[in-house]
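Listed here are the chains, written in short residue letters.
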Amino acid sequence: MTASPVPPLTEPRSPSELRLAERTTSTGLRVVAVRRPAVPLVELRLRIPFLSAEPGHPARADLLSDSILTGTADRDRAALAAAVQALGAGLDVGLDADRLQVSGNVLATELPELLGLISTVLDGAAYPDREVDTERSRLVERLTIARSRPGVVAAEALSSRMWGHHPYAVDLPQPEEVQQTAAAELREAHRRFVRPDGCVLVVVGDVDPERVLDQVEQSLGSWAGAGPAVDVPPLPTPVPRPLLVINRPGSVQSSLRMGRPALPRCDERYPALQLANMIFGGYFSSRWTENLREDKGYTYGPHSRLDHHSLGSVLSFDVEVATDVTAPAVLETYYELGRIATLPVTDREVEDVRQYAIGTLALSTATQAGLASTLASLAGVGLGAEWLVEHPRRLKEVTVADVSSAAADFFRPAALTSVVVGDAESITERLAGLVPVETQA
Amino acid sequence: MPQLPSPSFALSKHTLDNGLRVVLAPDRSAPVVGIAVLYDVGFRSEPEGRTGFAHLFEHLMFQGSAHLEKLEHFRYVQSSGGTFNGSTHPDYTDYFEALPANALERGLFLEADRMRSPRITEENLANQLEVVKNEIRVNVLNRPYGGFPWIYLPGVLFDTFANAHNGYGGFEDLENATVADAQDFFARFYTPANAVLAVAGDLDEDEALALIDKHFADIPSRPAPSRPSFAEPPLTQSRRSTHDDPHAPIPAVAVGWRVPDPHGAPDDYLGAVLLAELLTSGDASRLQRRLVQEEQLVTDVVTYLGEFGDPLDERDPTVFTLTAHFPDAGALDRILDAVDAELADLAQHGLADGELDRVRTRLGSELLRQLDAVLNRTLELAKFELVHGRAELVNELPALIAAVGEQDVRAAAVALSPDRRAVLELVAGGAR
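Within any chain, residue numbers begin from 1 and follow the written order of that chain's sequence. Each chain is given a letter, starting from A, and each ligand a number, starting from 1, according to the order in which they appear as written. Local features in this predicted model are restricted to residues whose pLDDT is 70 or higher, and side-chain atom pairs enter the listing and the counts only when it is 80 or higher, whereas totals over whole chains, interfaces and linings include all residues. Heavy atoms from the whole structure form the basis of all side-chain values; hydrogens and water molecules are not counted.

1. Describing the overall build of chain A
Going by this rule: Under the scheme used here, helices are H or I runs from DSSP no shorter than 4 residues and strands are E runs no shorter than 2 residues, and both carry numbers assigned from the N terminus. Residue burial is assigned from relative accessible area. The probe radius is 1.4 Å, only protein chains are included, and a residue is buried under 20% of its type maximum, exposed over 50%, and partly exposed in between. Contact between two residues is taken to exist if any of their heavy atoms lie within 4.5 Å; hydrogens are not considered.
In terms of regular secondary structure, chain A is built from 16 helices and twelve strands. The principal-axis extents of the C-alpha atoms in chain A amount to approximately 65 × 55 × 35 Å. Out of the 441 residues belonging to chain A, those deemed buried represent 58%. Sequence separation of 24 or more characterises 81% of the internal contacts of chain A that already satisfy a separation of 6 or more.

Structural data, given as structure tokens:
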């Protein structure tokens, strides 16, 4: 036997330690600043808790997010955008299940000016009636377009089936709710929710971290107050139900989505679950991809993932398969789920994903933007920058038995909530031969 | 207006005896490296009757090679802690990895092994044919606005097969592809002399050169194919066509103009790049204000150069594209009139105070931002070397953009006249 021609890895080099400063301002805003001078720019992420069970909240939240940059006390929409652009900056506002996020990037020398503009938005977003009217119409059209995509329909159905009447059940607001949302409601929601106490601001770039803390305190000093207490109940435990088939006549592919509750990043079993997920479907060299794509050619690519929200984490699965192989693809998927849940994983599989998990964490935090986003999402679940150092250490300690045990607990197909969007006439009968199904026109 | 910093990435260029061009860019700030190999063949070069072949072939390059079984390429990259991908463009095809620095030699070996001989078999071809068909279903056939406008607009704007055809490919053409086709394609286009290798990040230049020599130098030399010109002159009469989309709930439009040769007329070309920014980048831009905010004719509008939005990704000919979605199916002529009016206004009256400055500043800072990730930097270096013969553009581009003047932008606006445009209306067939 000849030696492998593939060169071995050389000695790994560690990334340099982060130069970081942190402070909670007198108004309750937590600020994290990191020096990363690779390019003369700065990235910032401001996360504002925005979860509520109040009726109409999803529509208000989406429309507020779309309208918050359309004018302030001093500047109309175009003047605000021009001022941002002149700093070489970009400013965006987005929304996830838990919060509103203001994302920005700017030439490093202009950071104080950008903070000043952000302050005028946080303190004085005006929600002009005319601009809100424009954004309302655009949002309704965008929602219609989103729901013409089969993956969006499937994801919405899965959230609804998993979380029932909990706010997490709603991925997108209904157009009718958006139509009824007035500009005055946005001003009121802004006044109540867009408050610094409990928010996190992450700043990463070619900066002196201590000085950034002072700049933030100075620029955002007049923005004060606390948001409302969270009125949302804990997440319910999904009850397993039959595979839901949603009809999309003529669909040339079927969109399968499955999910179940998972473990948060702070759980001691999380590293093992993370590795089990990679082995199953969390990277290209996974069992699910090698089977469904590289062996059978049923799909362009299946993916499984772990997502973390403030009220709980979710393990989810998604794949689009050609219509005529929908049942065989579900069969292979259940086979792979059953296999990883009932038989041990191998040493080689665990070593491969361990290196992948450690290496890709380093790659994803090697840029200003990647580091800022990662630190902001860690902060959102109460974790600090030390996680970036401690987590690789924990990954190194995970054993094959730990991964097999996590797989046995979390990948049992019987415990998953599942939906498929496709051409019901072509797929239902064969699916019903494999698993219990329920249909929805 | 802030001073726009210029990047100063160290870089060096080399050519091996077999013709492989090499760009090295050491930067030791983080222990990661990027590796990219670009071959000078894209979907413009695929033969008639074989639409989509360049992309299908890209898939075959991942199916094993001289020393690697199927699946091993993926596993070696990922079990080293890295990521990989490839993509097919009009003028080139790229293959790339981002890796921890200690996997540099392994990554070079993997690229060299498939440059030497990919494992093209009946079984791999049949498997990847199904994968590619599913890729086209998920990205084009089964979604609203799939492939719009990049698959459909070239057929209206251009006349030759090379420029006008569907680069993703028709299923019938894809199904007709054979192992012999793939072997011929490899022999003709995938020669070391037809490729650029770029490596950037945490590396020592001399060590990296020695490793590149070790793995690539003995790949046999074969001549690079001569590349024909694909140039087509600007239209002299406007064209209009429709595309039926069974899933889209509201109509959309794409307007395309053939634009100046990026090489032959770089000032004119960069004027068009800045014009695209002035028209639709951000809420202060001309068409966002007019079409979205004031007249509310469209829900969104974008303008860009290059098939996929990268203005420096292609040789002549390339396209200036405007796309918009609009809820009122009867509004298309009003939209086109408003675009014409805005372009005419810009051409006649020029720019407002500070308008060009802020747009140039933002574009310059965005260019810097894209270079922060080592893999993006690697791909940019390789692309600038392959398409423009000048990896140094990675450092030079901000100054070139800063030098674009109002006259260049006005001239670009004049060139986007109604008689030179192709208009493709997407007819919405989906439920509202």
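Okay, back to it.
2. Re the overall build of chain B
The test is simple: Exposure was quantified through the Shrake-Rupley algorithm and a 1.4 Å probe, taking into account, for residues, occlusion by the shown protein chains and nothing else. As used throughout, the charge tally considers Lys and Arg to be positive and Asp and Glu to be negative, leaving His and the chain termini uncounted. For charged residues, the charge sits on one atom: NZ in Lys, CZ in Arg, CG in Asp, CD in Glu.
Looking only at helices and strands, one finds 16 helices and eleven strands in chain B. If one aligns the C-alpha atoms of chain B with their principal axes, the spans along those axes are about 60 × 50 × 35 Å. Split into buried and exposed, the 432 residues of chain B put 63% on the buried side. Sequence separation of 24 or more characterises 82% of the internal contacts of chain B that already satisfy a separation of 6 or more. For chain B, the computed accessible surface area is about 15,000 Å², with 48% contributed by carbon and sulfur atoms. Across chain B, 37 positive and 66 negative side-chain charges occur, with their mean positions spaced 1 Å apart.

3. Describing helix α10 (residues 287-295) of chain A
Residues and elements named next belong to chain A. Burial analysis of α10 places eight of its nine residues in the buried class, which makes it a mostly covered element. Every buried residue belonging to α10 is among Arg 287, Trp 288, Thr 289, Glu 290, Asn 291, Leu 292, Arg 293 and Glu 294, and all of these are buried. Looking at the residues trailing α10, positive phi occurs at Gly 297, about 70 degrees.

4. Here's the deal with the sheet that holds strand β7 (residues 243-247) of chain A
This is how the line gets drawn: At least two DSSP bridges between two strands are required for those strands to pair. Interaxial angles span 0 to 180 degrees and are taken between N-to-C directions of axes, which are lines fitted to C-alpha atoms, for helices over the stretch in contact.
In space, the six strands of this open sheet follow the order β9-β10-β8-β11-β7-β12 (chain A), with mixed pairing throughout. Taken across any chain shown, the strands that pair with only one partner, and hence form the sheet edges, are β9 (303-309) and β12 (437-440) of chain A. Each strand of the sheet is rotated relative to its neighbour by a mean of 20 degrees, with strand direction disregarded. In the packing of helix α4 (residues 122-141) of chain B onto the sheet, contacts are made with β8 (253-262) and β10 (312-322) of chain A, and the angle to β10 of chain A comes to roughly 115 degrees.

5. As for the nonpolar core
One recurring pattern in soluble globular proteins is that nonpolar side chains are buried together. Residues and elements named next belong to chain B. Our working definition: Buried residues of nine kinds, namely Ala, Val, Leu, Ile, Met, Phe, Trp, Tyr and Cys, make up a nonpolar core once their side-chain atoms join them within 4.5 Å.
In this structure, Leu 275, Leu 291, Val 298 and Phe 320 are the most contacted members of the largest nonpolar core, which totals 78 residues. The element contributing the most residues to this core is helix α10 (residues 266-280), with nine residues. With residues near it in sequence (within four places) discarded, Leu 291 still touches Gln 296, Leu 297, Val 298, Val 301, Ile 335, Ala 338 and Val 339. Judged by nonpolar contacts, the second largest core, of 60 residues, contains Leu 60, Met 115, Leu 174 and Val 199.

6. A short note on the interface of chain B and chain A
This is how the line gets drawn: Buried area: the sum, over both parts, of the accessible surface (1.4 Å probe) that disappears when the two are put together. One side-chain nitrogen of Lys or Arg within 4 Å of one carboxyl oxygen of Asp or Glu is enough to make a salt bridge. As used in this structure description, the phrase polar contact means that two N or O atoms lie within 3.5 Å; if the pair is within protein, one of them must be able to donate a hydrogen and the other to accept it, and residues adjacent in sequence are counted only when both atoms belong to side chains.
Between chain B and chain A, the contact holds 76 residues from the first and 72 residues from the second. Together chain B and chain A conceal approximately 6,200 Å² of surface at their shared face, both sides included; 58% is due to carbon and sulfur atoms. Counting every contact that joins chain B to chain A gives five salt bridges. The closest approach of N and O atoms between Arg 13 of chain A and Asp 202 of chain B, which form a salt bridge, is 3.3 Å. Taken together, chain B and chain A are joined by 34 residue pairs in polar contact (both at pLDDT 80 or more). Only α2 (72-78), β4 (83-88), β5 (93-100), α3 (104-116), α4, α11 (286-294) and α13 (355-370) of chain B provide two or more residues apiece to the side of chain B that touches chain A.

7. Quick look at the domain arrangement of chain B
Residues and elements named next belong to chain B. For clarity, the cut-off: Note that the domain bounds reflect an automated or database-derived domain assignment.
Each domain of chain B was delimited in the assignment, giving domain 1 (12-216) and domain 2 (239-428). Summarising the inter-unit geometry, the C-alpha centres of domain 1 and domain 2 are found 28 Å apart. In this assembly, 47 residues from domain 1 lie in contact with 46 residues from domain 2. Here domain 1 meets domain 2 over a buried area of about 3,700 Å², counting both sides, of which 69% is carbon and sulfur. Viewed at the interface, domain 2 and domain 1 are joined by six salt bridges. The residue Asp 40 makes a salt bridge to Arg 315 at a minimum N-O spacing of 2.8 Å. Counting across the domain 1 and domain 2 interface gives 16 residue pairs in polar contact (both at pLDDT 80 or more).

8. Details of the domain arrangement of chain A
Residues and elements named next belong to chain A. Each assigned domain of chain A is listed with its residue range as follows: domain 1 (19-219) and domain 2 (243-440). Here domain 1 and domain 2 have C-alpha centroids that lie 29 Å from each other. Between domain 1 and domain 2, the residue contacts involve 35 residues of the former and 32 residues of the latter. Across the interface of domain 1 and domain 2, roughly 2,600 Å² is buried in total on both sides, 67% from carbon and sulfur atoms. The largest per-residue losses of area from domain 1 upon contact with domain 2 belong to Arg 36, Leu 158 and Arg 161, which jointly make up 22% of the total buried on that side. Summed over the shared surface of domain 1 and domain 2, the result is one salt bridge. Along the contact surface separating domain 1 from domain 2 lie 13 residue pairs in polar contact (both at pLDDT 80 or more).

9. Describing the sheet that holds strand β7 (residues 239-245) of chain B
All names here are of chain B. Pairing within the open sheet is mixed, and its five strands lie in the order β7-β11-β8-β10-β9. Looking along the sheet, the strands with just one partner apiece sit at the ends: β7 and β9 (300-305). Neighbour-to-neighbour, the strand axes of the sheet open up by a mean angle of 15 degrees, direction not taken into account. α10 contacts β8 (252-259), β9 and β10 (318-325) of the sheet and is inclined by roughly 170 degrees relative to β9.

10. Here we look at helix α9 (residues 270-282) of chain A
Residue and element names in this part refer to chain A. This is how it is decided: Given the number of residues in a helix, its expected span is that number minus one, multiplied by 1.5 Å.
Taking 1.5 Å per residue as the helical rise, α9 with its 13 residues ought to reach 18 Å, whereas the 14 Å between its terminal C-alpha atoms falls clearly short. For α9, the tally of buried residues reaches twelve of 13 residues, placing the bulk of the element in the interior. Taken as a whole, α9 has its buried residues at Tyr 270, Pro 271, Ala 272, Leu 273, Gln 274, Leu 275, Ala 276, Asn 277, Met 278, Ile 279, Phe 280 and Gly 281.

11. A look at empty space enclosed by the protein
Residues and elements named next belong to chain B. How we decide: The method works on a 1 Å grid over the protein atoms by themselves. A cavity is a set of points holding a 1.4 Å probe that cannot get out, a pocket is an open set with protein on both sides within 12 Å along at least five of seven lines, and residues with an atom within 4 Å of a point line them. Grid points are joined across faces, edges and corners, and a volume is the space filled by probe spheres set on the points. Ten residues, namely Ala, Val, Leu, Ile, Met, Phe, Trp, Tyr, Cys and Pro, are considered nonpolar, four, namely Asp, Glu, Lys and Arg, are considered charged, and the remaining ones, Gly among them, are considered polar.
By the definition in use, this model includes six cavities of 30 Å³ or more. A volume near 80 Å³ is recorded for the largest cavity. Lining the largest cavity are Pro 149, Trp 150, Leu 153, Pro 154, Leu 157, Phe 158, Tyr 304, Glu 307, Val 319 and Thr 321. Looking at the lining of the largest cavity, the elements that each hand over two or more residues are α5 (153-157) and β10. Among the residues making up the lining of the largest cavity, the classes are represented as eight nonpolar, one polar and one charged. Both domain 1 (12-216) and domain 2 (239-428) contribute no fewer than three residues apiece to the lining of the largest cavity.

12. Details of the side chain of Glu 46 of chain B
Residue and element names in this part refer to chain B. With respect to the helices and strands, the residue Glu 46 is situated in the loop between β3 (32-39) and α1 (53-60). For the buried Glu 46, no salt bridge is present, and the opposite-charge side chain at shortest range is Arg 50, 9.7 Å distant. A distance of 2.9 Å separates a polar side-chain atom of Glu 46 from the backbone nitrogen of Gly 52. From its side chain, Glu 46 meets the backbone nitrogen of Ala 54 in a polar contact 2.8 Å long. Residues in contact with Glu 46, not counting those within four places in the same chain, are Thr 51, Gly 52, Phe 53, Ala 54, Phe 161, His 165, Asn 166 and Gly 167.

13. Observations regarding the packing of aromatic side chains
Put simply, the rule is: Working definition: a ring pair exists when centres of Phe, Tyr or Trp rings (six-membered ring for Trp) sit within 6.5 Å. Plane angles under 30 degrees give stacked, over 60 give edge-to-face, the rest tilted.
Throughout the structure, instances matching the rule amount to 29 aromatic pairs over all chains. Centre to centre, the rings of Phe 284 of chain A and Phe 84 of chain B are 5.4 Å apart; their planes meet at 80 degrees, and the pair counts as edge-to-face. Residue Phe 284 of chain A is located in the loop between α9 and α10, and its partner Phe 84 of chain B is located in strand β4; the two belong to separate chains. A residue is classified by how much of its surface remains accessible, and Phe 84 of chain B, at 15% relative accessible area, is buried. Seen in terms of ring centroids, Phe 53 of chain B and Phe 57 of chain B are 6.5 Å apart; in terms of plane orientation they differ by 35 degrees. Their pairing is tilted. With Phe 53 of chain B and Phe 57 of chain B both in helix α1 and four residues apart, this pair spans about one turn of that helix. The residues Phe 53 of chain B and Phe 57 of chain B share a single accessibility class, namely buried.

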